[in-house]
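Structural description and commentary
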Amino acid sequence: MRHRSVADLMTPTAVAVQPGTSFKEIARLLDEYGITAVPVVDDENRPVGVVSEADLLRRHTAKDGPSTAEAMMSSPVVTARPSWTAVEAARLMERHRVKRLPVVDAEGRLIGVLSRSDLLQLFLRRDRSIQEEVREDVVVRILRLSPSAVHIDVEEGRVTLSGTLDRAGIGPILVRLCETVDGVVEVEDRLTYEDETDPADERDAEGAEGAEGAEGAA
């Protein structure tokens with residue numbers, strides 16, 4: 001089961017500015033490319049900050065000090081690596097409350113930008129693709145079950161699992177694995193089991209029988 005990485009989702013041709021780029025030039029770039037923020041890079045193409053629409057508005061309202069990228073940018077910059085999973089990137093965005101992450105290579109040089117809208121592409125996967133991944137990767141390859149052992153229905157990213165399995169313990173594992181599939185919004189468990197006995201109940205029953213035997217012997 002392969003999760004799409006930051007490299008798969010990011011915009012590889014990132015628009016960037018230099019520290020000395022002016023207010024008007026940054027505003028023009030944001031408007032021209034339909035973006036809400038732009039990374040600021042040094043002479044070696046390493047991100048040193050980010051200028052957002054909010055930064056521009058704050059500078060315009062304040063009307064004091066230099067109006068260059070270096071003066072307006074938020075720093076230090078939060079970056080992502082291309083090998084990260086989408087989940088790792090999303091958690092970083094949430095933790096730092098940012099909408100875009102510059103993506104850097106091993107040398108720290110800018111190679112792309114990942115936005116929230118890029119991450120949302122995960123949830124636009126076709127239901128058929130999700131269904132095939134759950135069946136082929138989760139059910140067959142990982143859990144080594146027959147492809148017909150579980151009925152998988154997917155609608156708008158919501159996965160419903162039904163069918164009868166021989167072991168009760170495998171159900172929760174199947175559900176958790178389905179939840180990690182890219183594009184899955186929710187998993188509904190309608191599975192039943194050939195052996196519905198709870199091991200804890202069996203242990204309680206055995207304990208009760210032992211107690212009765214001890215009383216009889218007494």
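So, here is what we can say about the structure in this document. Remember, predicted model here, so these are calculated numbers, not experimental data.

Considerations on a nonpolar patch on the surface
- A grouping of L120, F123 and V185 is seen on the molecular surface, where their side chains present a nonpolar patch of about 300 Å² in accessible area.
- Tracing the backbone through its elements, the reader meets F123 in the loop between α6 (116-120) and α7 (127-142).

Examining the sheet that holds strand β7 (residues 186-193)
- Pairing within the open sheet is mixed, and its three strands lie in the order β5-β6-β7. Edge positions in the sheet fall to β5 (151-155) and β7, since each of these pairs with one other strand and no more. On average, adjacent strands in this sheet sit at an angle of 10° to one another, irrespective of strand direction.
- As judged from the five bridges shared by β5 and strand β6 (residues 158-165), these two strands associate in the antiparallel manner.

Some words on the side chain of S5
- If you trace the backbone, S5 turns up in the segment before α1 (6-9).
- Filtering out sequence-adjacent residues up to four positions away, S5 remains in contact with P82, S83, W84 and T85.

Structural notes on the pairing of strand β1 (residues 37-41)
- For β1, the tally of buried residues reaches five of five residues, placing the bulk of the element in the interior.
- Of the two faces of β1, both are covered, the one formed by A37, P39 and V41 as well as the one formed by V38 and V40.
- Where β1 lies against strand β2 (residues 47-52), five bridges are found, and the strand directions are antiparallel. Each bridged residue has a counterpart across the sheet, and for V40 the counterpart in β2 is G49.
- The hairpin formed by β1 and β2 contains five residues between the paired strands, and N45 there has a positive phi angle of roughly 65°.

Re the nonpolar core
- Within the largest apolar cluster, 22 residues are counted, with the highest numbers of intra-cluster contacts made by V150, I152, V159, L161 and L174.
- Listed by contribution, the elements that provide at least two residues to this core are α7, β5, β6, α8 (170-179) and β7.
- Per element, the largest residue contribution to this core is five residues, and it comes from α8.
- Once residues within four sequence positions are removed from consideration, L161 is found in contact with V150, H151, I152, L174, V175, C178, V187, E188, D189, R190 and L191.

Overview of helix α3 (residues 53-62)
- If you check which residues of α3 are buried, you get D55, L56 and R59. With its buried residues spanning 100° around the axis, α3 presents them on a single face. Pointing more than 90 degrees away from the buried face of α3 are the exposed residues L57, R58 and T61.
- Packed against the buried residues of α3 are α2 (23-33), β2 and α4 (69-72).
- After α3 finishes, the residue K63 shows a positive phi value of roughly 55°.

About the cut-offs
- Residues numbered from 1 in each chain as written.
- Predicted model: local features only at pLDDT ≥ 70, side-chain atom pairs only at ≥ 80, totals over all residues.
- Heavy atoms only, no water.
- Patch = residues over 30% accessible without salt bridge, like charges linked within 9 Å, V, L, I, M, F, W, Y side chains within 5 Å.
- Areas by Shrake-Rupley, 256 points an atom, 1.4 Å probe, with all protein chains shown as cover.
- Salt bridge = Lys/Arg side-chain N within 4 Å of Asp/Glu carboxyl O.
- Helix = DSSP H or I, 4+ residues; strand = E, 2+ residues; numbered from the N terminus.
- Pairing = 2+ DSSP bridges.
- Axes fitted to C-alpha atoms, helices over the stretch in contact; angles between N-to-C directions.
- Contact = heavy atoms within 4.5 Å.
- Buried < 20%, exposed > 50% of the residue type's maximum accessible area, 1.4 Å probe, protein only.
- Core = buried A, V, L, I, M, F, W, Y, C linked by side-chain atoms within 4.5 Å.
- Arc of directions from axis to C-beta.

It is worth stressing that arrangement in space is one thing and function is another; only the former is reported here.
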